[in-house]
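Single-letter residue listing:
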Amino acid sequence: REWFTTIVPIEDRVIDPEQQTSLKERFYEGVSARYEHILADLDVPRPRILQLIHEAFTNGKVVIVHGVSGQGKTTLALRYLHDYLPEQWRFFVHSPESISQALSIANAISHHAQSMNVPLVVYLDVKPSDTDWTETVRELAFVPNIRILVTIRDDDLRRASFSAIDFPYSTIELQ
């Protein structure tokens, strides 16, 4: 029941010229980044940070990109997913509404990864004051073939209750 509601494949598609114009106007007005903005090539390339994310994944399974609001954490994560991963290996996970839903999400993704036997990346864009995201990460961090990319505001990261004992992770701080 989590598929296509809280777990959504991140799929490529063609952006038509009319949609390109609309996306461009809204992106530069400061709307929240969406995958369509990446498909329309509206973001500013940041290859050094993309490479840092990639290197962090070579050393571990959980990468947390954090910074203050408006620094482009979501845009960076979506660009990374687009540039570094095949379409069928990347999934966006909406914030769980409860710990039980976090466990349900983790269960659905882990079963999918085990049945497909391919390395999946799960992307969590933590919403302000969301505290249940750590449960999803805890459950997925030790499942074979799953890597987790998290974007989170500094304040929410400081409030989060987890440590490297719960799951090993790397952080990338945007400044």
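Throughout, a residue's number is its position along its own chain's written sequence, starting from 1. Local features in a predicted model are, by the rule used here, given only for residues with pLDDT of at least 70; side-chain atom pairs are given and counted only at 80 or more, and totals for whole chains, interfaces and linings are based on all residues. The basis for every side-chain value is the complete set of heavy atoms in the structure, and neither hydrogens nor water enter the calculation.

Draft legend 1. Spotlight on the pattern of salt bridges. We define a salt bridge as a side-chain nitrogen of Lys or Arg found within 4 Å of a carboxyl oxygen belonging to Asp or Glu. Applying the stated criterion across every chain, the model contains eleven salt bridges. Ionic pairing is found between Arg79 and Asp41, a salt bridge with its closest N-O pair at 3.0 Å. With Arg79 in helix 4 (residues 73–84) and Asp41 in the loop between helix 2 (35–39) and helix 3 (47–59), this pair connects stretches of sequence that are 38 residues apart. Asp43 is paired through a salt bridge with Arg79; the nearest N and O atoms lie 2.8 Å apart. Note that Asp43 is positioned in the loop between helix 2 and helix 3 and Arg79 in helix 4, a separation of 36 residues in sequence. As far as the burial class goes, Asp43 and Arg79 line up, both buried. Within this structure, Asp41, Asp43, Arg79 and Asp83 form a network of salt bridges that share partners. Per the convention used, a helix needs a DSSP run of H or I reaching at least four residues, while a strand needs a run of E reaching at least two, with both numbered from the N terminus. Accessibility here uses a 1.4 Å probe with only protein chains present; expressed as a share of the type maximum, an area under 20% marks a residue as buried, one over 50% as exposed, and anything in between as partly exposed.

Draft legend 2. Spatial organisation of the sheet that holds strand 3 (residues 90–93). If DSSP finds at least two bridges between two strands, the strands pair. Within the open sheet, the six strands sit side by side as 1-3-4-5-2-6. Their pairing is mixed. Of all the strands in the sheet, just strand 1 (7–9) and strand 6 (170–173) have a single pairing partner and so form its edges. Mean inter-strand twist for the sheet, computed between neighbouring axes without regard to direction, equals 25 degrees. For strand 3 and strand 4 (residues 120–125), the ladder comprises four bridges, and the chain directions are parallel. Each bridged residue has a counterpart across the sheet, and for Arg90 the counterpart in strand 4 is Val121. Residues are treated as being in contact if the distance between any of their heavy atoms lies within 4.5 Å. Only the stretch in contact is used when a helix axis is fitted, and all axes are lines through C-alpha atoms; the angle between N-to-C directions ranges over 0 to 180 degrees. Across the sheet, helix 4 lies against strand 2 (62–67), strand 3, strand 4 and strand 5 (146–153), angled at about 160 degrees from strand 5, the strand it touches most. Packed onto the sheet, helix 6 (residues 133–140) meets strand 2, strand 4 and strand 5 and runs at close to 160 degrees relative to strand 5.

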